[in-house]
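Structure assessment
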Number of protein chains: 2
Amino acid sequence: MRLPLSEHFIGLTGRWLLAACLYLSVHTVAAAADPLPSWTDGASKRAIIAFVQQVTEPRSPDVVAADDRIAVFDNDGCLWSEKPAYFQLLFAIDRIRALAPQHPEWKTRQPFKAVLDNDIDALAESGEHGLLELVMASHAGMTTTEFEQIVQTWLATARHPRFKRLYTDLVYQPMLELLGYLRANGFKTFIVSGGGIEFMRPWVEAVYGIPPEQVIGSSIKVKYEMRDDGPALVRLPEIDFIDDKAGKPVGIHKFIGRRPIAAFGNSDGDREMLQWTTAGDGPRFGLVVHHTDAQREYAYDRKSHVGKLDKVLDEAAGAGWVVVDMKRDWKTIYPEE
Amino acid sequence: MRLPLSEHFIGLTGRWLLAACLYLSVHTVAAAADPLPSWTDGASKRAIIAFVQQVTEPRSPDVVAADDRIAVFDNDGCLWSEKPAYFQLLFAIDRIRALAPQHPEWKTRQPFKAVLDNDIDALAESGEHGLLELVMASHAGMTTTEFEQIVQTWLATARHPRFKRLYTDLVYQPMLELLGYLRANGFKTFIVSGGGIEFMRPWVEAVYGIPPEQVIGSSIKVKYEMRDDGPALVRLPEIDFIDDKAGKPVGIHKFIGRRPIAAFGNSDGDREMLQWTTAGDGPRFGLVVHHTDAQREYAYDRKSHVGKLDKVLDEAAGAGWVVVDMKRDWKTIYPEE
């Protein structure tokens, strides 16, 4: 059959458009072929991609409904660095120093004296109770809005002692790619951290793409007050919830209400979260970041005070958790300056 | 300039396509013109639509970024009925009766005796402490997975004493439309209820389209245990959090971490949530469902034991909260059978 000229033209145009679309989609696939460019081509990267394909390929017998693609990430040592000390502790110390003029009694009272004298031994001696006192003195007594502002200001100005960069720059580029890769595959990503929930919420959306309502962490109590200028939420010097160790599955249950299918951690504090996540039915994924790179970051595990990784390292093989060797598996550590 | 035939044809086709697109979009707008068909055309409906347009129209000076379009809804008496008693209390009573054979001591011990004897006066006399005892006996002592199954089974079989329908059928059709309308306009919808978080989570996604992680409510403590057959979360007979009155802004802050721009309630238990939401900067919306329809549902307010609406009714006009007159504003109450 002969086509009228216009139809012939449309036929040609159509074929050209089809070719263009094909070119574009092939090109797009090629560009998307490596969703984790900062990961070396090794077993860790292969395991991540194989899991994502297993739960997302429509024809996979193990496909998981998008609603149930919940992934949980520890923060300290898993998404950003945690040495020489948890960044939140460094924040508390700076805060104590800033508040010291209003508290002359701190000059002679531990653990405050230790902070003001820069006396690490005395600070260590004050133990968990001392740390708690520092946190309460620096994190409570203001409204939630004021605290958010204090955190924002500190993060915009304070610099890491070794890398001389903003703390929010010391996030792991390979983990940023992993977060984006999971979300591009329909996952909802949550932070489940032992750190303070209100210390994280002001910045994690901009840095990790995780909104405040998907951040779970430790918390102090908050009280609703009607003031002359309207209602306020006031932070009280009282622990509400510790989101660490066996607290992590409890926090996950409280905030999310369903069991994740993937968990990412780096220390024994993440053990119960990894257990709870990977013991569920169907395909499950557990991953542990092992800090092995003293040159580009830090190397520590069984004997570290911060981010101790001991029991989880022993259990990983038996449980099928992927152990990431930072030095070997990551091409880059931090985003470029 | 004369066009070659083919270009002329394409021009015509283009114009036709444009016309077709215009027709379709007008048609779509016409079909979507009434996003709230179960609401009568009155002030309440107009106020809802005006607010949504104010915060979503790209050219509105008050447009709110999609991320900040957080809307919070009370559940009992706002999204589903709460008479003759909170449905969760009716569940607890049924549960006590089911468990009674394993607890011969309940035959002589209050408040259990009152439940087993159907003695409403004695039950009322046992007061808040008695109710708490009933909740603990019926809601704790099993794993979270077991409790979810118990709730599902009850909801699939128990019937409301007056309407003889499943409890999950006694949700308000106009509020279902409102939830959908807000979500279609980029809002994230949350439940903030005084009721038990784990009593709601098993069914609210199917009924309201709200996923478990967007449900905030009262809770009992939960403990992580490693058992022979794997890890479990066990429900303890101990209050964790009461998400009512001044607890609602606290719960919102804890779970969501930002202030909502719209709040929907129906009782004095929602007062602080309404205050906190509508005291924020920028456009804000508060709405109160007033139960005025004894024939189709129930009529109650200032003197009701369940869902008492007194202070909020006094404050609504001054605060600019919309008061929905159920009898006048709603064409239908429940979805069709």
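Residues numbered from 1 in each chain as written. Chains lettered and ligands numbered in written order. Predicted model: local features only at pLDDT ≥ 70, side-chain atom pairs only at ≥ 80, totals over all residues. Heavy atoms only, no water.

1. So, the pairing of strand S2 (residues 188-196) of chain A
Residues and elements named next belong to chain A. Counting buried residues in S2 gives seven out of nine residues, a clear majority hidden from the surface. Here four bridges tie strand S1 (residues 70-73) to S2, and the two strands are oriented parallel to one another. Of the residues in S2, the one forming a bridge with isoleucine 70 is lysine 188. Pairing analysis gives three bridges linking S2 to strand S3 (residues 215-227), with the strands arranged parallel. Considered in S3, the bridge of valine 192 is made with isoleucine 216. (Buried < 20%, exposed > 50% of the residue type's maximum accessible area, 1.4 Å probe, protein only. Helix = DSSP H or I, 4+ residues; strand = E, 2+ residues; numbered from the N terminus. Pairing = 2+ DSSP bridges.)

2. Description of the relation of the copies chain A and chain B
Look at the two chain copies: a rotation about an axis and a shift along it is all it takes to match them. Least-squares fitting of chain A to chain B yields an RMSD of 0.0 Å, with the superposition described by an axial translation of 0.0 Å and a rotation of 180°. Such a combination of turn and shift is consistent with a two-fold rotation axis. Counting the interface residues of chain A, we find that 100% of their copies in chain B are interface residues as well, pointing to one common contact surface. (Least-squares fit on C-alpha atoms with pLDDT ≥ 70 in both. Contact = heavy atoms within 4.5 Å.)

3. A look at the confidence of the model for chain A
Caution applies to low-pLDDT regions: their predicted coordinates should not be interpreted in detail. All names here are of chain A. The predicted model of chain A has a mean per-residue pLDDT of 91, with 91% of residues at 70 or higher. A low-confidence stretch, residues 1-13 stays under pLDDT 50, and its non-local contacts, those more than four residues away or across chains, total five contacts. Of the regions scoring below 50 in pLDDT, residues 17-31 engages in zero contacts with residues more than four places distant in sequence or in other chains. Interface confidence for the predicted complex, given as ipTM, is 0.88, next to a pTM of 0.89. (pLDDT = per-residue confidence, 0-100.)

4. Some words on the pattern of salt bridges
All names here are of chain B. Summed over the entire model, instances satisfying the criterion amount to 43 salt bridges over all chains. Here aspartate 41 ties to lysine 45 by a salt bridge, and the two come within 3.1 Å at their closest N and O atoms. Accessibility expressed as a relative area gives 67% for aspartate 41, which makes it exposed. A salt bridge links lysine 223 to glutamate 225, with the shortest nitrogen-to-oxygen separation between them at 3.6 Å. (Salt bridge = Lys/Arg side-chain N within 4 Å of Asp/Glu carboxyl O.)

5. Some words on the packing of aromatic side chains
The final tally for this structure, using the stated rule, is 39 aromatic pairs over all chains. Both rings, one in phenylalanine 91 of chain B and one in phenylalanine 199 of chain B, keep their centres 5.1 Å apart while their planes meet at 45°; by these two values the pair is tilted. One end of the pair, phenylalanine 91 of chain B, is in helix H3 (residues 87-99); the other, phenylalanine 199 of chain B, is in helix H9 (residues 197-208), with 108 residues separating them in the sequence. Note on phenylalanine 199 of chain B: relative accessible area 3%, which makes it buried. It is lysine 83 of chain A that lies over the ring of tyrosine 300 of chain A; its NZ or CZ is 4.4 Å from the centre. The positively charged end of arginine 162 of chain B is found above the aromatic ring belonging to tyrosine 298 of chain B, 4.9 Å away from the centroid. (Phe/Tyr/Trp six-rings, centres within 6.5 Å; stacked < 30°, edge-to-face > 60°. Lys NZ or Arg CZ within 6 Å of the ring centre and 35° of its normal.)

6. Topic: the pairing of strand S5 (residues 262-265) of chain A
On a regular strand, one side chain projects to one face of the sheet and the next to the other, so that they alternate. Residues and elements named next belong to chain A. Judged by which residues are buried, S5 turns out to be covered on both faces: Ala262 and Phe264 on one side and Ala263 and Gly265 on the other are all buried. The pairing of S5 with strand S6 (residues 285-292) spans four bridges and is parallel. Pairing of alanine 263 across the sheet is with glycine 286, part of S6. Once you follow S5 into helix H11 (residues 271-278) and on to S6, the crossover reads as right-handed. (Right-handed = clockwise from strand over helix to strand, strands pointing away.)

7. Thoughts on the packing of helix H3 (residues 87-99) of chain A against helix H6 (residues 127-139) of chain A
When two helices pack together, their arrangement is given by the angle between the helix axes and the distance between those axes. All names here are of chain A. Packing of H3 against H6 brings their axes to within 9 Å, and their N-to-C directions diverge by 65°. In the packing of H3 onto H6, the handedness of the crossing is left-handed. Taking contact as the criterion, the partners of Gln88, Leu89, Phe91, Ala92, Arg95, Ile96 and Leu99 in H3 are, on H6, Leu131, Leu134, Ala137, Ser138 and His139. Residue composition of the contact of H3 with H6, grouped by class: eight nonpolar, three polar and one charged. (Axes fitted to C-alpha atoms, helices over the stretch in contact; angles between N-to-C directions. Left-handed = near helix turned anticlockwise from the far one by under 90°. Nonpolar A, V, L, I, M, F, W, Y, C, P; charged D, E, K, R; others polar.)

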